[in-house]
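Spelled out from the first residue to the last, the chains are:
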Amino acid sequence: MATDKRKVQEINAGSMADIAFLLLIFFLVATTMNTDTGLARMLPPIPPEDQKQEEIKVKERNLFLVLINGSGQIMAGQPGKQEFIELRDLKDKTKEFVLNPLDDADLPEKEEKEFDLPDGSKWVYPVSSGVVSLQTTRDTGYQPYIMVQNELARAFSEIRDEVAMRKFGDKLASLTEEQRNVITKAVPLKISEAEPRTIKK
Amino acid sequence: MAVMKKKGNKSLPPISTASLPDVIFMILFFFMVSTTMRDQELLVRYKLPEATEVQKLEKKSLVSYIHIGQPSLAMQAKFGTAPRIQLNDSYKTTKDILDFVAAERDKLSEADRASMTICLKADGTTKMGIVTDVKQELRRANALKISYAASKSLGY
């Protein structure tokens, strides 16, 4: 009897699993797993009200209008030359507009800009001054709007990939951060979102 | 000699469950690390639009959410089915966005305020009218970094 008392009794660990299960179920219920993904954009700052708003003149050749109507139809093109197009054609049209591969006088101008490369050398790239202007009506659906935004983003990311491939011999995603910054500056994401048009009936 | 004799009467020895807690703890730690706390209850229903060019939202603590969509089923009897804006835990109008952004900005430290992001979670069937109103209010509140929430799809 005396020897028994000195011995520390072993704690029964049989219910440890139940405790762990309880904790597990609590975390399953109280947490979410989905990481949020989305299309990141910068809104233009609002102009001060007392200041007279000067119309920012954009040359017609530098402007690419994309209009989405209430039934999700897309009209795109440069001012005066807009036409109905399908969503799947939008990406290539945007790319053609931004890149202006043949230096067409009707397509956007290019401005030679010098960039400092991470290895210390300079790199001159003709930066397109084209601006994509996206306009919607108040009854445009959000889904078509996001699809168009997505196509525009896709056009720009494909251009960036091509430029990165030519300059650094690799896709944008596998470049270093400095190289990526250079490419992002060389091909800026120029999407302007105008306020929706009010349709007069 | 080597052939074992079948002993029909003897039952199998019980499987040791001593390592069961360890296994469960492993799963528990996996969930603790890979998930985040659910922070607010949704009062609106939405099915996010799909896109291929989505980016991950970097820092959760810098992100504030604006939900837009139909009231959830339990709320529809009271609030109807017209799309609503949810800020924090209640339905709000576009006029409250200014205060909301100011409050959210106050929660962040001085250094982080510039990188505050507003995540717009809107239902795919919402009309652009309400979304544009929200965007205008955000411009007025000087919260210019936004993200249109969309789920990743592999293409159309």
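Residues numbered from 1 in each chain as written. Chains lettered and ligands numbered in written order. Predicted model: local features only at pLDDT ≥ 70, side-chain atom pairs only at ≥ 80, totals over all residues.

Chemist: Which parts of the structure should I look at to understand the overall build of chain A?
Modeler: Along the backbone of chain A there are five helices and nine strands. Starting at the N terminus, the α and β elements of chain A follow one another as α-α-β-β-β-β-β-α-β-β-β-α-α-β. Here chain A holds 201 residues, and 23% of them are scored as buried. Restricting to contacts in chain A with at least 6 residues of sequence separation, those with at least 24 account for 57%. (Helix = DSSP H or I, 4+ residues; strand = E, 2+ residues; numbered from the N terminus. Buried ≥ 20, exposed ≤ 12 C-beta atoms within 10 Å, placed from the backbone. Contact = placed C-beta atoms within 7 Å.)

Chemist: I keep staring at helix 3 (residues 87-99) of chain A and nothing clicks. Help me out?
Modeler: An α-helical segment advances 3.6 residues per turn. Residues three or four places apart therefore align on the same side. Residue and element names in this part refer to chain A. The terminal C-alpha atoms of helix 3 lie 19 Å apart, and with 13 residues this matches the ideal 18 Å at 1.5 Å per residue to within 8%. Considered for burial, the residues of helix 3 that qualify are Leu90, Thr94, Phe97, Val98 and Leu99. Those residues of helix 3 hidden inside the fold are in contact with strand 3 (63-68), strand 4 (74-77), strand 5 (83-85), strand 7 (122-128), strand 8 (131-136) and helix 4 (142-168). Two residues or fewer after helix 3 comes Asn100, characterised by a positive phi angle close to 45 degrees. (Expected span 1.5 Å × (residues − 1).)

Chemist: How should the confidence of the model for chain B be read in this particular structure?
Modeler: Caution applies to low-pLDDT parts of the model: their predicted coordinates are not meant to be read in detail. Here chain B averages 84 in pLDDT, while 93% of its residues score no lower than 70. Two summary scores accompany this predicted model of the complex, namely pTM at 0.77 and ipTM at 0.76. (pLDDT = per-residue confidence, 0-100.)

Chemist: Honestly, the sheet that holds strand 3 of chain A in this entry has me stumped. Any pointers?
Modeler: The strands that make up a sheet pair up through hydrogen bonds in the backbone, lying either parallel or antiparallel. Residue and element names in this part refer to chain A. Here we have five strands laid out as an open sheet, ordered 5-4-3-8-9, and mixed in their pairing. A single partner strand is all that each edge strand has here, and the edge strands are strand 5 and strand 9 (191-193). Going from strand to strand, the sheet's axes swing by 30 degrees on average, the running direction of each strand aside. Sheet topology note: the strand 4/strand 5 ladder contains three bridges and is antiparallel. Bridged to Ile74 within strand 5 is Ile85. Along the sheet, helix 4 makes contact with strand 3, strand 4, strand 8 and strand 9, crossing strand 3 at roughly 155 degrees. (Pairing = 2+ DSSP bridges. Axes fitted to C-alpha atoms, helices over the stretch in contact; angles between N-to-C directions.)

Chemist: Looking at this structure, I do not really get the interface of chain B and chain A. What am I missing?
Modeler: When the parts of a complex come together, some accessible area is lost, and that lost area is often used as the size of the interface. Contact residues are listed per partner, giving 47 residues for chain B and 41 residues for chain A. Elements represented by at least two residues in the side of chain B that touches chain A include exactly helix 1 (20-34), strand 1 (36-37), strand 4 (55-56), strand 8 (117-122), helix 4 (128-140), strand 9 (145-149) and strand 10 (151-152) of chain B. Among the elements that take part in the side of chain B that touches chain A, helix 1 of chain B stands out by supplying nine residues, more than any other. Broken down by class, the residue content of the side of chain B that touches chain A amounts to 23 nonpolar, 14 polar and 10 charged. Of the pairings in the sheet, the one linking strand 2 (residues 37-42) of chain A to strand 4 of chain B comprises two bridges and is antiparallel in character. The residue bridging Gly38(A) from the neighbouring strand is Gln55(B), located in strand 4 of chain B. (Nonpolar A, V, L, I, M, F, W, Y, C, P; charged D, E, K, R; others polar.)

Chemist: Even after reading the chapter, I still don't get unusual backbone geometry, so can you show me in this structure?
Modeler: Excluding glycine, most residues fall at negative phi; most peptide bonds, likewise, are trans. At Asn100(A), a residue that is not glycine, the phi angle is positive and equals roughly 45 degrees. One can find Asn100(A) in the loop between helix 3 and strand 6 (110-116). A tally of 19 C-beta atoms within 10 Å means that Asn100(A) is categorised as partly exposed. Its identity is not glycine, yet Asn142(B) carries a phi of approximately 60 degrees, on the positive side. Its place among the elements puts Asn142(B) in the loop between helix 4 and strand 9.

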